[in-house]
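Each chain is listed here by its residues.
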Amino acid sequence: MNLIMDKTEKIGTGDSFNLSVVKYLVPQCKKNCRSACCRTALLYGMLLFSRGRTDELSSSLLDWLMTAAEKRGEVFVIEDFNRIDRRYFSCSECGRYFLCGVFLSSGSVGDPKRDYRLEITIPRDEDGGTALADDLEAYLREIDLLPLRHKPSKGAGAKNTVLYLRQAEKVEDFLNYIGASTPAFEALNIRIHKQYRNEANRITNCETSNIDRAVNAAQKQIRDIELLMESGKLADMDDGLRQTAQLRIENPFVSLQELASMHRPPITKSGVVHRLRKLSSAAKEL
Ligand SMILES: [Zn+2]
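Thresholds, definitions, all that
Residues numbered from 1 in each chain as written. Predicted model: local features only at pLDDT ≥ 70, side-chain atom pairs only at ≥ 80, totals over all residues. Core = buried A, V, L, I, M, F, W, Y, C linked by C-beta atoms within 7 Å. Buried ≥ 20, exposed ≤ 12 C-beta atoms within 10 Å, placed from the backbone. Contact = placed C-beta atoms within 7 Å. Pairing = 2+ DSSP bridges. Helix = DSSP H or I, 4+ residues; strand = E, 2+ residues; numbered from the N terminus. Axes fitted to C-alpha atoms, helices over the stretch in contact; angles between N-to-C directions. Parallel < 35°, antiparallel > 145°, perpendicular 65-115°, else oblique. Nonpolar A, V, L, I, M, F, W, Y, C, P; charged D, E, K, R; others polar.

Visitor: Explain the nonpolar core here, please?
Guide: Nonpolar side chains in soluble globular proteins generally cluster together in the buried interior. With 47 residues, the main nonpolar core has Ala41, Leu42, Phe98, Cys100 and Leu136 as its most contacted residues. The residues touching alanine 41, leaving out its near neighbours within four places in the chain, are Tyr88, Phe89, Cys94, Tyr97 and Phe98. Judged by nonpolar contacts, the second largest core, of 9 residues, contains Ile225, Leu259, Val272 and Leu279.

Set out below in structure tokens:
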């Protein structure tokens, strides 16, 4: 049986982030997982979900855990590979280490730059049942991670059930929960940057459309004024209207506010709007 598997091969695209999570978790576990109960829970999570297959980094952790257990004279036997036995969760931290083991042996997370997705692939039992996936789903719901479920019906994946998280916050919560705080923070940072960029783009788009609207309006005003000039009607209009018409023709790209301040004496912006409306309605009557 092939015990060593390259995790980068298994996951495909977006694996650089996944690999960095694994690289972060393995030494963290060795450093921080001090209680015997938590080490057992971690080992249990890894063995229960890996079914003997694990990547190189995780298998170094597995070896380390097994050696430590042997030294303590513990014999570790999993009685039922199709259920999660909660008797392994002794202290308040055991569940975290268990889930960390589950992730290391059968989980993967997408690169938050491209996609928010964390998934755990769970083998079905011999008769096609999904009891192990059901138990894990129940556990994830208890800690408010609310996984979704995918049951491939055909092909190589048909023997598995995939539980996955799609929401960015849930992916970050999961990573935090299993102790991958730095990668979780990195994911959060990427998300904030993305949101900021989207917001900046939205504002720019909004400004662009405002400018477009203003330019279109100015073009229409100028057409109207030209019509009034050609027909000779403008010459008969009062000084104020003629001044506004003249300034608009000479300054097609300035804003209404700027146009108002160019008048001698200056007038208000609403004064300009009022005069331009008068010019337009006069042009309409031609
Ligand atoms: Zn514990």
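There is more to say after this.
Visitor: Would you mind showing me how to read the sheet that holds strand S3 (residues 107–109) here?
Guide: The strands making up a sheet associate through hydrogen bonds between their backbones, and the pairing can be parallel or antiparallel. Read from one edge of the open sheet, 4 strands run S3-S4-S6-S5, paired in antiparallel fashion. The open sheet has two edge strands with one neighbour each: S3 and strand S5 (148–150). When the angles between neighbouring strand axes are averaged without regard to direction, this sheet yields 25°. Two strands pair when backbone bridges link them, and S5 and strand S6 (residues 160–165) are joined in this way by 3 bridges, in the antiparallel orientation.

Visitor: Can you help me understand the pairing of strand S4 (residues 118–123) in this one?
Guide: On a regular strand, one side chain projects to one face of the sheet and the next to the other, so that they alternate. Burial analysis of S4 places 5 of its 6 residues in the buried class, which makes it a mostly covered element. In this structure, S3 lies alongside S4, joined through 3 bridges in antiparallel fashion. Of the residues in S4, the one forming a bridge with valine 109 is leucine 118. As paired strands, S4 and S6 are joined by 6 bridges and run antiparallel to one another. Of the residues in S6, the one forming a bridge with glutamate 119 is tyrosine 164.

Visitor: Mind showing me how you'd approach the environment of alanine 180 here?
Guide: Assignment of secondary structure puts alanine 180 in the loop between helix H7 (168–177) and helix H8 (181–231). The spatial distance from the C-alpha of alanine 180 to the C-alpha of glutamate 285 is 73 Å, given a sequence separation of 105 residues. Those residues in contact with alanine 180, other than ones at most four positions away along the chain, are Val21, Tyr24, Leu25 and Leu175.

Visitor: I'm lost on unusual backbone geometry in this one. Help?
Guide: Glycine aside, a negative phi is what most residues show, and trans is what most peptide bonds show. Residue proline 265 is bonded to the preceding arginine 264 through a cis peptide linkage, with omega at -10°. Inspection of the secondary structure puts proline 265 in the loop between helix H10 (256–262) and helix H11 (269–284). For aspartate 144, which is not glycine, the phi dihedral falls at a positive 70°. For aspartate 144, the location among the structural elements is in the loop between helix H6 (131–142) and S5. Note on aspartate 144: 9 C-beta atoms within 10 Å, which makes it exposed.

Visitor: Explain the packing of helix H9 (residues 239–250) against H11 to me, please; I cannot follow it from the model alone.
Guide: Packing of H9 against H11 brings their axes to within 10 Å, and their N-to-C directions diverge by 95°. Viewed along their axes, H9 and H11 adopt a mutual orientation that is roughly perpendicular. Every residue of H11 that contacts H9 at Gly240, Leu241, Thr244 and Ala245 is listed here: Val272, Arg275, Leu276, Lys278 and Leu279. Residue composition of the contact of H9 with H11, grouped by class: 5 nonpolar, 2 polar and 2 charged.

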